[in-house]
Amino acid sequence: MKQYPCILTIAGSDCSGGAGIQADIKTISALGAYAASAITAITVQNTCGVTGIHAVPPTYIQGQIQAVMTDIPPISVKIGMLNDAGTIRAIAESLHRFTPYYKYIVLDPVMVSTSGCKLIEDDAIEALTSLLMPLATLITPNLSEAEVLTGKRIATIPDMEKAAKELLAFGSQAVLVKGGHLNEAEMCDVLYIKEEDRPHLFSSPKIESRNTHGTGCTLSSAIATYLALGEPLEEAVRKAKAYVYQGILSGKDVHIGEGHGPLNHFFAPVPLRVNEE
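Fair warning: this is a prediction, and the values are worked out from it, not measured in the lab. (Residues numbered from 1 in each chain as written. Predicted model: local features only at pLDDT ≥ 70, side-chain atom pairs only at ≥ 80, totals over all residues. Heavy atoms only, no water.)

On the surface, Tyr4, Tyr34, Ile72, Leu272 and Val274 cluster together into a nonpolar patch covering about 420 Å² of accessible area. With respect to the helices, strands and loops of the structure, Leu272 is situated in the loop between helix 8 (233-251) and strand 11 (275-276). (Patch = residues over 30% accessible without salt bridge, like charges linked within 9 Å, V, L, I, M, F, W, Y side chains within 5 Å. Areas by Shrake-Rupley, 256 points an atom, 1.4 Å probe, with all protein chains shown as cover. Salt bridge = Lys/Arg side-chain N within 4 Å of Asp/Glu carboxyl O. Helix = DSSP H or I, 4+ residues; strand = E, 2+ residues; numbered from the N terminus.)

This is the structure:
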């Protein structure tokens, strides 16, 4: 039987098309996989910022997940914006229920948007760490998110390595601390895989561009897609970072919106792949 490799993204909707569900679907599609989605919140936002968040009722989030899982079982699940504890509990319950239906979970603990807008309620952070992180194959916090989760300032690459190892205590199989806001000449992300007990560093030149809206969403979706396509975790991260880098590079001189514009997700689209079962 022939099948498309499916990735389910569970995240918020960005009406301006640069981040959230929209960025996830673009990424998954550009890499040649099939994107299904469960929307957790409707945001009012554009490239300049977020001005409103309306949470989807937990029963409807669970209904969306069930509809996908029971009809088009995904290989990977990517989880993004989760505004409140009720949403997190609903997702955790669904993932426990449908454990045999998927192989990987990539959790991007989104807390603040590129424009600096807070996207998660305070009581949701405890639910995130206790209910979802233990289920994750990989979590992908940026520096500010890693600081919130560890309670420590992160200013250097050794700090990132320590934070990544410390964050494994929340139960995920691996942690990728993203260093995009590190005050260094190069970008550096640190991957720590529990079973290997050592860090992997991924470095790339910094690109001067305002078009970085949705970069974190794109990276986590790309990792989930490469895992679904059969890549081991370290290689999935490497390929996903290369995809994001080229997306930023190819879209850096394009003017879309008056704030932080999106990267170019379709700089080299791949035809939809078909797996033989």
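We are not done yet, so read on.
Here we take up the pairing of strand 4 (residues 49-55). Pairing analysis gives 6 bridges linking strand 3 (residues 34-46) to strand 4, with the strands arranged antiparallel. Bridged to Asn46 within strand 4 is Gly49. Once strand 3 ends, the chain turns through 2 residues before running back antiparallel as strand 4. (Pairing = 2+ DSSP bridges.)

Take the layout of surface pockets next. The computed volume of the second largest pocket comes to approximately 190 Å³. As for the second largest pocket, its lining consists of Tyr104, Thr137, Gln173, Ala174, Ile193, Lys194, Glu195, Glu196, Leu227, Glu231, Pro232 and Leu233. In terms of residue class, the lining of the second largest pocket is built from 6 nonpolar, 2 polar and 4 charged. (1 Å grid on protein atoms, 1.4 Å probe; cavity = no way out; pocket = protein on both sides within 12 Å on 5 of 7 lines; lining within 4 Å. Points joined across faces, edges and corners; volume = space filled by probe spheres on them. Nonpolar A, V, L, I, M, F, W, Y, C, P; charged D, E, K, R; others polar.)

It is worth spelling out the nonpolar core at this point. Counting residues in each nonpolar core, the largest one holds 45 residues, and the members touching the most others are Leu8, Val77, Ile79, Ile91, Leu95 and Leu132. For this core, the element with the most residues is helix 3 (residues 85-97), which contributes 5 residues. Once you skip the residues sitting within four places of it in the chain, Ile79 turns out to touch Ile10, Ile91, Leu95, Ile105, Val106, Leu107, Asp108 and Leu132. Core analysis: the second largest hydrophobic core is formed by 28 residues, Ala30, Leu31, Ala240 and Tyr243 among them. (Core = buried A, V, L, I, M, F, W, Y, C linked by side-chain atoms within 4.5 Å. Buried < 20%, exposed > 50% of the residue type's maximum accessible area, 1.4 Å probe, protein only. Contact = heavy atoms within 4.5 Å.)

A few words on the environment of Glu258. Looking at the secondary structure, you find Glu258 in the loop between helix 8 and strand 11. Using a relative accessible area of 61% as the deciding quantity, one classes Glu258 as exposed. Remark: the alpha-carbon pair of Glu258 and Cys48, spanning 210 residues in sequence, is separated by 6.4 Å. If sequence neighbours within four positions are ignored, Glu258 has contacts with Thr47, Cys48 and Arg210.

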